[in-house]
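Results of the structural survey
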Amino acid sequence: MSMKIEEYKGVIDRYFKYLPVSNKTPVISLLEGDTPLIPAYKLSNQLGKKFEVFLKYEGLNPTGSFKDRGMTVAVSKAKEQGSKAVICASTGNTSASASAYAARANLKSIVLIPKGAIALGKLAQALIHGACVLPVKGNFDDAFRLVKEISQDYPVRLVNSINPHRIEGQKTASFEICDALKDAPDFQILPVGNAGNITAYWKGYKEYKSLGKIRKLPVMCGFQAQGSAPIVKGHPIKNPKTIATAIKIGNPASWKSAEAARDESKGLIDTVSDRDIIEAYKFLSSQEGVFVEPASAASVAGLFKLKKLGYFSKKSKFYLSYSKTIKIVCILTGHGLKDPDIAIKNIKEPKAVEPDLKKIVKLLKLK
Ligand code: AN7
């Protein structure tokens, strides 16, 4: 008897016909995608019987964030089109992903990061993958402006999410959710920074709908950190502030398409405070067993906020208009290990003990 196991080969292979690739494209993949959609029982219980909450754990991508879905397409296309180098500005995850895929593709990678404002794990990734890392004495928006100009004048391929290949790759996450649920969820909640991801998800859902693969479209709910919420405030923020460094962005590139996703889906883009983010961060790690970086917890903080606002109460128009179970997917964009400093700062640090059995047993109150 032959036992043939179908090998998983990454998002370009799985969704080939929906992506701007051909048989001539040299596929640069780290087998990204195929991330779990984890049922969140405790979150579901908090909302009530009628609700099922799922966590799309994008932290399990090869470099620890959703950026890998877009980067496999962007770097493969850069390679196909003869680029020798890629460049990006980044709050951390884009730089980690770009440097890994560039290393695999034998491309040079250049990353401009806001000095002192990216999480330690992400900096380590970019450096160890061999990127040329330039910390800029400014914020993300300054770095982003610079890389746009450099890529216009010099032979380096920009791999930030204004590169349409990034959006194409990232839309595969909504395909996976629909494939798993056999339809779109009723609500999708996600953090919003440069706004590429909300753009990509919405594009993916709309494509699946027009292909007849799903019957409905989700309501898209995006959340920005309160001190860094240009879309909610309606104007760019000069000095964005938040502990969620990944989404510390004052002038998002995909502003317009984020608003389109919000409006077309009859959704919303709102704020969550740093305190809300940390609360959700701790809830996820201590109650659901899922460790994410702070920016990712913004989606669950957003879910809690919507609940508090009565969005899911029995009297709400949403509750009444859904006869069946209401499915909510929260996107968890990056792994908790990216930013260990934040974890340590938010727990009580354990005290060291003598290697003494009796003392330890007593201390642990095991008797
Ligand atoms: C964990 O790496 O912008 O709204 O330069 O790393 O698509 O920008 C990261 C963004 C959410 C926001 N969660 O997504 C970068 C960068 C995490 C992130 C976002 C980011 P977009």
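Data block above holds the structure.
All of the points below concern the structure found in this document. (Residues numbered from 1 in each chain as written. Predicted model: local features only at pLDDT ≥ 70, side-chain atom pairs only at ≥ 80, totals over all residues. Heavy atoms only, no water.)

1. As for the packing of helix 8 (residues 172-181) against helix 9 (residues 196-210)
Viewed as axis vectors pointing N to C, helix 8 and helix 9 meet at an angle of 50°, and their least axial separation amounts to 7 Å. Considering the angle they form, helix 8 stands oblique to helix 9. Our pair here, helix 8 against helix 9, has a crossing hand that is right-handed. For the pair formed by helix 8 and helix 9, the contact residues are Ala173, Ser174, Phe175, Ile177, Cys178 and Asp179 on the first element and Ala200, Tyr201, Gly204, Tyr205, Glu207 and Tyr208 on the second. Class assignment of the residues belonging to the contact of helix 8 with helix 9 gives a composition of 8 nonpolar, 2 polar and 2 charged. (Axes fitted to C-alpha atoms, helices over the stretch in contact; angles between N-to-C directions. Helix = DSSP H or I, 4+ residues; strand = E, 2+ residues; numbered from the N terminus. Parallel < 35°, antiparallel > 145°, perpendicular 65-115°, else oblique. Left-handed = near helix turned anticlockwise from the far one by under 90°. Contact = heavy atoms within 4.5 Å. Nonpolar A, V, L, I, M, F, W, Y, C, P; charged D, E, K, R; others polar.)

2. Focus: the sheet that holds strand 1 (residues 37-39)
Read from one edge of the open sheet, 6 strands run 1-2-10-7-8-9, paired in mixed fashion. In this open sheet, the two strands that pair with only one neighbour each are strand 1 and strand 9 (268-272). With direction set aside, neighbouring strand axes in the sheet form an average angle of 25°. Both strand 7 (residues 187-191) and strand 8 (residues 219-225) contribute to a ladder of 5 bridges, which runs parallel. Bridged to Leu190 within strand 8 is Gly222. Against the sheet, helix 13 (residues 294-308) touches strand 2 (51-57), strand 7, strand 8, strand 9 and strand 10 (326-332), its axis set at about 150° to strand 10. (Pairing = 2+ DSSP bridges.)

3. Some points on the pairing of strand 9
When you tally the buried positions in strand 9, you get 5 out of 5 residues, the bulk of the element. Here strand 9 shows two buried faces, one formed by Leu268, Asp270 and Val272 and the other by Ile269 and Thr271. Across 5 bridges, strand 8 lies against strand 9 in parallel orientation. Among the inter-strand pairings, Gly222 is bridged to a residue of strand 9, identified as Ile269. (Buried < 20%, exposed > 50% of the residue type's maximum accessible area, 1.4 Å probe, protein only.)

4. As for the pattern of salt bridges
As a working rule, side chains carrying opposite charge can pair if their charged atoms are close by. Counted by the stated rule, this structure contains 17 salt bridges. The partner of Glu293 in a salt bridge is Lys122, and the shortest N-O contact between them spans 2.7 Å. In this pair, Glu293 sits in the loop between helix 12 (274-288) and helix 13 while Lys122 sits in helix 5 (residues 120-128), placing the two residues 171 residues apart along the sequence. Judged on exposure class, the residue Glu293 and its partner Lys122 are both buried. For the salt bridge of Glu168 with Lys171, the shortest nitrogen-to-oxygen distance reads 2.5 Å. Residues Glu168 and Lys171 agree in their burial class; the two are buried. Several salt bridges converge on common partners, so that one network encompasses Lys56, Glu58, Arg69 and Glu176. (Salt bridge = Lys/Arg side-chain N within 4 Å of Asp/Glu carboxyl O.)

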